[in-house]
Each structure stands twice: as structure tokens, then as C-alpha cells.
Amino acid sequence: MLAGMLLALSAGGCGAAAPPAAAPTPAPWMGANVKVSAQAPWGSDAAQRSLQQLADAGAARALLVAFVWQATPQSDAPVLGSDSSVQQVRAGLRQMRAAGLQPVLKVHLWIPGHWAGDAAPADRVAWFGAYQRALLQLAQVAADERATALIVGTELRGLQDAPQWPALVAAVRQVYRGPLGYVADGLEQAERFGYWDRFDFVGTSLYPALSAAPAQRLAQMRAAAARVQALGTRSGRPVWVAELGLRSARGSLAAPWESPEQRRAAVDTALQAQVLQDWRRVLGERRIAGIALWCWYTDPDAGGAHDSDFTVQHKPAQAVLAR
């Protein structure tokens, strides 16, 4: 008894118990946005092979990119995209789970020749009504297939201040009872979005311009990561960096959002790998719930050493997914 008391006094001072060690911040889950390839539709053996490759690379989650389509930015009649039917999305979610991935359904707006943020319907009420009808079909599939989460919209900058969001979210929750999210286009828009209290997690894409100088680039990344963490603190919700990407191309740091259709460039897979590894390390130092790379294709042969697109498939940057 006395020996035990003396041991406690010497270890804790006046017999006080040592405070428990702070729990380490969990590493963010890693995953990828998966886009369907024309030659490897959802449900095909090729798509299953590609998803297995994604899981074997270390990904925990797969975000199935499903499209709602409209003809022009001014259209107020969006409908399900031809490659995002209920049957196709159902098949994709099942294949993700079969590969050992946690499936997430992520809805995008497709406007031919335009970015989703250009949407400016003449009648917002009509647009939200049509969008909700399309979205509820996907929400039912997400519910049926027990999707890990549902992202109801992505980068809808021209519509993210609309008063119809609360009603839209409420309607979706009647069908899908799991976690709901929205993805803003970058930190500034995520900080301005006024409806995070309606969602279960905060989502943002992350494509800021970066310096070619490594030290300056790391400083820029740390500043962005601090803003991501602060956004989560203010909203009281987990934060997903739901799109993080960089083309495997020279000169891609100045405009990481730029597509191969916008600018031709020589391949640089080493740059892509280094920058994405740095992003993973910097974001991992903050309380970020998860990171989803942009992107991965259902074509199991996509990417490779001669590809300058965003996909990390069969490139050094694929190692960023490793657990």
C-alpha cells in the first residue's frame, strides 16, 4: 500500500492522476471521384476491374459522379443525364460495394459547353422543381443501395444563394436518410454558402493557383488547409475536400482547374504526384474528414505515363491513395 502511494506521488505529484493524452487527429479517408467511360459503362466487367484497381490502390471511398443535364445555362428543365439513369447508377453503386469501397453518390449538373456554375435559369422556381424531380430519383437509388452519403449538388455558384435550398434538402431527406452534403467551387464560395446548417457535412473543391517554388507552394497549401479547418469549426460539421486534383501536365500549377480541352501541355506525371502528396500531408495535419481525388475512370486502362489529364490511374500519383 505504502509503496503504491509513493509510486503515485513520484509519478503524478501530490497523488494527482496524469491527464490523459490527447487523442490523435484521425487521418482523412481517401477516395476518388469516379466518372463513367463510354467503353466501360456501369455494370460492365471493365468497370468492375477499374473499381477493384481503385480499392487495391488504397481508396476507402468512391464518389460516383452522376449527371443531371440541361441544354443551356438559361434552361429551367434539367433532367437525368443519359449515362446516369436509375439503372446505371444502381449498377455502379453495387459495383463499388462489391470492390470493397464505400459508395457515395455525387450529383453534378452538365451543361454542354459550359461549367455547372454558369447555370442561370430564367425561372429559378421551375428549375428547382425539375432538378428536385431528377434528384429524388437518384436519392431513391442511394437509399435502396445504402450509399454512404449523397451529395445533392456540385459547384452551382449561380444558384447557391437561392431560397429554394431548404425545401430541396427537406424533400431529399424524406427519401434518403443518410448523410447529405453539397460541394462548393472553392473555399471562397464555401465560406459564402449560407445553408450549411441544412447539411450533415461541408464540401468544397480545391483547385487554387499554386507557386512553382516548393516552399511558397507549401505555404499556400497550409493557408488553404487552415481555411478549410476554420470552415468546419464555424459550421460545426465535418469537412470533405470532395475534389482535389491536378493535371499531370507542365504548367498546371497556375490554373489547376484547367482541362486538357482548354490547354494542350506536355505530360508531367512527377509534378502531379508531388503536389497531390503534399496536399494530402498538409490537409492531414488539419481536422479534415476526407479527401476525394479528381478523378478516376471506369475504363481500367485509363491514364498512364503518356496521359496529361487529371486521372491518377496508372501514374505515380496513384500512390497518394495508399493507406
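Now for a quick tour of the structure.

Criteria and thresholds
- Residues numbered from 1 in each chain as written.
- Predicted model: local features only at pLDDT ≥ 70, side-chain atom pairs only at ≥ 80, totals over all residues.
- Heavy atoms only, no water.
- Buried < 20%, exposed > 50% of the residue type's maximum accessible area, 1.4 Å probe, protein only.
- Helix = DSSP H or I, 4+ residues; strand = E, 2+ residues; numbered from the N terminus.
- Pairing = 2+ DSSP bridges.
- Right-handed = clockwise from strand over helix to strand, strands pointing away.
- 1 Å grid on protein atoms, 1.4 Å probe; cavity = no way out; pocket = protein on both sides within 12 Å on 5 of 7 lines; lining within 4 Å.
- Points joined across faces, edges and corners; volume = space filled by probe spheres on them.
- Nonpolar A, V, L, I, M, F, W, Y, C, P; charged D, E, K, R; others polar.
- Axes fitted to C-alpha atoms, helices over the stretch in contact; angles between N-to-C directions.
- Parallel < 35°, antiparallel > 145°, perpendicular 65-115°, else oblique.
- Left-handed = near helix turned anticlockwise from the far one by under 90°.
- Contact = heavy atoms within 4.5 Å.
- Expected span 1.5 Å × (residues − 1).
- Polar contact = N/O pair within 3.5 Å; in protein donor to acceptor, adjacent residues only side chain to side chain.

1. Quick word on the pairing of strand 1 (residues 29-35)
And step 1. The buried fraction of strand 1 amounts to six of the seven residues, a majority that puts the element mostly inside the structure.
And step 2. One ladder, built from seven bridges, connects strand 1 with strand 9 (residues 290-297); its direction is parallel. Its bridge partner being in strand 9, M30 is matched across the sheet by I291.
And step 3. As a crossover connection, the stretch from strand 1 through helix 2 (residues 45-57) into strand 2 (residues 61-69) is right-handed.

2. What to know about empty space enclosed by the protein
And step 1. Enumeration according to the criterion identifies one cavity of 30 Å³ or more in this entry.
And step 2. What the largest cavity holds in volume is close to 40 Å³.
And step 3. Around the largest cavity, the lining residues are L206, Y207, P208, L210, G245, L246, P256, V275, L276 and W279.
And step 4. A per-element tally of the lining of the largest cavity places helix 8 (residues 269-284) first, with three residues.
And step 5. Across the lining of the largest cavity, the residue classes tally to nine nonpolar, one polar and no charged.

3. Focus: the packing of helix 2 against helix 3 (residues 86-98)
If you want to describe how two helices pack, look at the angle between their axes and the distance between the axes.
And step 1. Between helix 2 and helix 3, the shortest axis-to-axis distance is 9 Å and the interhelical angle comes to 45°. One way to sum up the angle between helix 2 and helix 3 is to call them oblique. Once helix 2 is placed against helix 3, the crossing between them reads as right-handed. The segment helix 2 lies against helix 3, with A47, Q48, L51 and Q52 engaging G92, Q95, M96 and A98.
And step 2. Class assignment for the residues of the contact of helix 2 with helix 3 results in four nonpolar, four polar and no charged.

4. What about helix 4 (residues 124-144)?
And step 1. With 21 residues, helix 4 extends 30 Å from end C-alpha to end C-alpha; this agrees with the ideal 30 Å at 1.5 Å per step.
And step 2. Regarding helix 4, the residues found buried are W127, F128, A130, Y131, A134, L135, L138, A139, V141 and A142.
And step 3. Buried positions along helix 4 lie against strand 2, strand 3 (79-80), helix 3, strand 4 (102-110), strand 5 (149-154) and helix 5 (165-173).
And step 4. Capping the start of helix 4, D123 holds a side-chain oxygen 3.1 Å from the backbone nitrogen of V125, two or three residues further along.
And step 5. A positive phi of about 55° marks R146, the residue just after helix 4.

5. A look at unusual backbone geometry
And step 1. Cis geometry marks the peptide bond from W294 to C295; its omega dihedral reads 5°.
And step 2. Residue R146 is not a glycine yet carries a positive backbone phi of 55°.
And step 3. By the element assignment, R146 lies in the loop between helix 4 and strand 5.

6. Details of the layout of surface pockets
And step 1. A volume near 1,200 Å³ is recorded for the largest pocket.
And step 2. Taken together, 41 residues form the lining of the largest pocket, with W115, E155, Y207, E243 and W257 sitting closest to its centre.
And step 3. When contributions to the lining of the largest pocket are tallied by element, the ones reaching two or more residues are strand 4, helix 6 (187-192), strand 7 (201-206), helix 7 (214-235) and strand 9.
And step 4. Computed from the structure, the second largest pocket encloses a volume of approximately 180 Å³.
And step 5. Lining the second largest pocket, in full, are K35, V36, F67, W69, G81, S82, D83, W110 and Y297.
And step 6. Considered class by class, the residues forming the lining of the second largest pocket number five nonpolar, two polar and two charged.

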